[in-house]
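Reading the structure
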Amino acid sequence: MAVMPMKRMTIIAMRRDRKQLLEFLQRQGTAEIDTDTEEDGRYKKIDVSAQKQIFEKNIHSMEDALEVLERFDPQKKGLLSSLEGRKTLTVEEFGRALTKRDEVLETVSCINSLYREYAQSLAAVPKAQMDKEALYPWKDFDLPLDFTGTRLTTSFIGTLTGRTNLEEIYVCLGELCDFSDQVDVRIISADDTSTAVMFTTLRTHERELSEVLHRMNFTKAPSQSRAVEDGVSLAPAKAIERIDAQMQRASARRQQLVSEIKGYGDRRDDIRLIIDYFRMRSDKYDVIGKLNQSDHVVIIHGYVPEADYSKLSRALEARFDLACEFCDPAPDEDVPVKLRNNAFASPVEGVVKSYSLPGKDEIDPSMPVSLFYYIFFGLMLSDAAYGIIIATVCGVLLKKFKNMEEGMKRTFQMFFYCGIATTVVGFIFGSFFGDVVSSVAQTFFNVPKDAAARLLPPIWFNPLDDPIKMLTFCFAVGLIHLFTGLGILMYQDIKNGKPRDAVYDGLFWYMFVGGCVVLLLCLPMITGMLGLTFTLGAGVKKISSIVAIIGFTGIVLFAGRDSKNWGKRLAKGLYGAYGITSYLSDVLSYSRLLALGLATSVISSVFNTMAGMVGGAMPVVAGVIMYALIFVIGHILNLAINALGAYVHTNRLQYVEFFGKFYNGGGREFTPFEEKTKYYKVKEEI
């Protein structure tokens, strides 16, 4: 377990080499570039927003093209395709692929252009449907809807609200005008919502009839914009035929557009690669705009892990005309934190980061966290079969998808170890799908209950039979966990040159808490409650009392040592000693190990019992089927729920009980300038 030492990096290079230099650093991904440097009179930052906008526009266009291809020609992806990770390319392969950049941009433009035409054509369909529906009531009308009459007559073509007949229309006309006998009314069609009608009268009555129709809520017929051919309006039936023909042609054109879009389906990989290329360039220009540079020189500051700086320095000097310096950071610098652990501990680095990275003068707690993390998860899930399932699934996925992303890989590695721990704990406590072996033996083979229980005996004991013993074991594990945290605190103090603090904040608490624990074990009442078969003697009781008193006295005298006033110092010391109650609550928190472990076993046994009751009451074949069905559904639910509970509560024990003893965090994560690509990664060995 270690926090990687960092070197402060300073590079002075020719401005003409800045792009190639940054591309090289980006491919290596080992240097964090400091972009917060202030300008001075000679070296300034430049505005690169215009170039970044071009790159972002190209990225947006290409992502739109990929979405279009995925919509019309979706790729078949496996259920686990998201685990495949990015494809790795060499610098040479990447360079050859970039020669297609202009061709790819032209392809993207064609795809987006075809889709725009398709979308516009599709958007016109509702309008055509509305026009057709508006003309449908007039399909039997033999005149154009914009017909207004002859030289001597005038016509009004439109609709009246609701269903009506000639008699009602003439009655209404008679009430509203005195020339109703000179008006010809022709009903074209009628339904419950409207009546299509044409009114005709002499032109001398045109104005009066228009006013009357307005009072009758008359609405003119729909526009004839689609019903014109060679400048001549068409009758509604012909207009409907024309709209249908236009819609058929538009549909055929859309099918042709879809076919043309699908023809570009084999260009997906090229588009994805160029997307990553422009994303890399955008990131590069983002850094360029934050560097101090003159007309001829660019200065790059940053941090590099000590393990990488010598190799990086040689590679830089071999490729570019520059001067680079690597030195130890100043004591007051905000140095980024990067963790380095072995294969056993590195999977839980994400757990540590989720809380906070180690602060200044703190050690990396990943190794002790990993050890207890796997143990706690195993104790909470505590079923060998569940552990085998988890470990097998994670192991197979890790072996099959060797190129999966690092974060996902570490997650599966963490659950792989959790699965192994769960398997071991399950066999220790005799749980394999709960009591499935005993249940099957009793249900289908008529094995007596006592004999069936002995088919898969626990290596140690069954917590369901002796929960007090399990609770005592959980408390013991919790004390070891807490004392490990105190030990790390003492180690940090000694490492940082503060041995007195190690005594005051660590050793005295060891003596006080440890003495109290041993003292409790000297009391028959306590050992009886915990189910222990021993009680420590009077000599141990006397020694533990002395040790506890020494620890208590040390805490009272030195917990408030920052205060020069002895009154305040003693008050703070007494308050500090009151912290013994937090140890009590912390130890009690480890009872969740028992609670979740028992929950897993009990629920498993309940499902097995249900399956046995149903399966045992049926003929053999039907009973086996029903038993298997209930078994599979029940244990899937139990595994999912209790695995989630084990994950959550394991994190809680680390964050609250363990970290609370020694860990402050607050470190800033090392964020290297690297390829933040989506589809490909370019690898260059140095």
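Read on for an overview of the structure. (Residues numbered from 1 in each chain as written. Predicted model: local features only at pLDDT ≥ 70, side-chain atom pairs only at ≥ 80, totals over all residues. Heavy atoms only, no water.)

Some words on the environment of Y303
Tracing the backbone through its elements, the reader meets Y303 in strand 12 (residues 297–305). When the C-alpha positions of Y303 and Q255 are compared, they lie 56 Å apart, and in sequence the two are 48 residues distant. Looking at Y303, its side chain comes within polar contact range of the side chain of R8, at 3.2 Å. Side-chain polar atoms of Y303 contact the side chain of E333, separated by 2.4 Å. (Helix = DSSP H or I, 4+ residues; strand = E, 2+ residues; numbered from the N terminus. Polar contact = N/O pair within 3.5 Å; in protein donor to acceptor, adjacent residues only side chain to side chain.)

So, the side chain of R86
Topologically, R86 is positioned in the loop between helix 2 (49–72) and strand 4 (87–90). Classification of R86 as buried rests on a relative accessible area of 15%. Reaching out from R86, the side chain makes a polar contact with the backbone oxygen of E675 at a distance of 3.5 Å. Polar side-chain contacts of R86 include one of 2.8 Å to the side chain of T677. Contacts of R86, omitting those with residues within four sequence positions, involve N403, E405, E675, T677, K678, Y679, Y680 and K681. (Buried < 20%, exposed > 50% of the residue type's maximum accessible area, 1.4 Å probe, protein only. Contact = heavy atoms within 4.5 Å.)

Observations regarding unusual backbone geometry
The phi dihedral of N217 is positive, around 60°, even though this residue is not glycine. Tracing the chain through its elements places N217 in the loop between helix 6 (206–215) and strand 8 (219–220). Judged by its relative accessible area of 53%, N217 falls in the exposed class. Even without a glycine there, the phi angle at D361 is positive, about 70°. Mapped onto the elements, D361 comes out in the loop between helix 10 (349–355) and helix 11 (366–381). The class for D361 is partly exposed, based on a relative accessible area of 48%.

Digging into the sheet that holds strand 7 (residues 194–202)
Pairing in this open sheet of 4 strands is antiparallel, and the strands run 6-7-5-8 from one edge to the other. Whereas interior strands pair on both sides, the edge strands pair on one side only; in this sheet they are strand 6 (184–190) and strand 8. In this sheet, strand 7 lies alongside strand 5 (residues 153–161) in antiparallel orientation, the contact comprising 9 bridges. Along strand 7, the bridge assignment pairs T161 with S194. Across the sheet, helix 5 (residues 166–176) touches strand 5, strand 6 and strand 7, and the angle it forms with strand 6 is around 135°. Where helix 6 meets the sheet, its contacts fall on strand 5 and strand 7, and the angle it forms with strand 5 comes to roughly 0°. (Pairing = 2+ DSSP bridges. Axes fitted to C-alpha atoms, helices over the stretch in contact; angles between N-to-C directions.)

Observations regarding the packing of aromatic side chains
Scanning the entire structure with this criterion turns up 47 aromatic pairs. Ring geometry for Y115 and Y118: centres 6.3 Å apart, planes at 20°, overall stacked. In this pair, Y115 and Y118 are both assigned in helix 4 (residues 101–135), 3 residues apart and thus about one turn of the helix distant. Of the residues examined, Y115 reaches a relative accessible area of 25% and is grouped as partly exposed. Of the residues examined, Y118 reaches a relative accessible area of 12% and is grouped as buried. Clustering of aromatic rings is evident, with ring pairs tying together Y355, F372, F376, Y590, Y655, F658, F659, F662 and Y663. Positioned above the aromatic ring of W566 is the side chain of R569, whose terminal nitrogen or guanidinium carbon lies 4.5 Å from the ring centre. Looking at K661, its charged tip hangs above the ring of Y583, at a distance of 4.9 Å from the centre. (Phe/Tyr/Trp six-rings, centres within 6.5 Å; stacked < 30°, edge-to-face > 60°. Lys NZ or Arg CZ within 6 Å of the ring centre and 35° of its normal.)

Thoughts on the packing of helix 4 against helix 7 (residues 236–262)
One way to put it is that helix 4 packs onto helix 7 with a least axis distance of 10 Å and a crossing angle of 160°. Judged by the angle between their axes, helix 4 and helix 7 are roughly antiparallel. Once helix 4 is placed against helix 7, the crossing between them reads as left-handed. Here the contact of helix 4 with helix 7 is composed, by residue class, of 16 nonpolar, 2 polar and 7 charged. (Parallel < 35°, antiparallel > 145°, perpendicular 65-115°, else oblique. Left-handed = near helix turned anticlockwise from the far one by under 90°. Nonpolar A, V, L, I, M, F, W, Y, C, P; charged D, E, K, R; others polar.)

Some points on helix 9 (residues 306–319)
Between its first and last C-alpha, helix 9 extends 21 Å over 14 residues, near the 20 Å set by a 1.5 Å rise per residue. Among all positions in helix 9, only D308, L312, S313, A315 and L316 are buried. Of the surrounding elements, those touching the buried residues of helix 9 are strand 2 (6–14), helix 1 (18–28), strand 12 and strand 13 (322–327). (Expected span 1.5 Å × (residues − 1).)

Describing the pairing of strand 5
Where strand 5 and strand 8 come together, 2 bridges link them in antiparallel fashion. By the bridge assignment for strand 8, G158 is matched with K220.

A closer look at the packing of helix 16 (residues 467–495) against helix 17 (residues 499–521)
Their axes nearest at 7 Å, the elements helix 16 and helix 17 cross at an angle of 160°. The angle between the axes of helix 16 and helix 17 places the two elements in the roughly antiparallel class. Seen from above, helix 16 lies across helix 17 with left-handed handedness. Contacts from L479, F483, T484, L486, G487, L489, M490, D493 and I494 of helix 16 reach helix 17 at P499, D501, A502, D505, G506, L507, W509, Y510, V513, G514 and V517. Its residues assigned to classes, the contact of helix 16 with helix 17 shows 13 nonpolar, 4 polar and 3 charged.

So, the side chain of E684
Locating E684 in the fold gives a position in the segment after strand 15 (680–683). Judged by its relative accessible area of 17%, E684 is buried. Those residues in contact with E684 that sit more than four places away from it in its chain are F24, R27, Q28, V91 and R319.

What about the pattern of salt bridges?
The tally for this structure, following the rule as stated, stands at 34 salt bridges. Across the pair D270 and K100 runs a salt bridge, and its minimum N-O distance is 4.0 Å. With D270 in helix 8 (residues 268–288) and K100 in the loop between helix 3 (91–98) and helix 4, this pair connects stretches of sequence that are 170 residues apart. One salt bridge connects D334 with R668, and the closest N-O pair in it is separated by 3.2 Å. Pair noted here: D334 is in the loop between strand 13 and strand 14 (339–340) and R668 is in the loop between helix 23 (620–658) and strand 15, with a separation of 334 residues, a long-range link. According to the relative accessible area criterion, D334 is partly exposed, its value standing at 49%. By relative accessible area, which is 30% here, R668 ends up partly exposed. Overlapping salt bridges, with partners in common, bring together K100, E103, R267 and D270 in one network. (Salt bridge = Lys/Arg side-chain N within 4 Å of Asp/Glu carboxyl O.)

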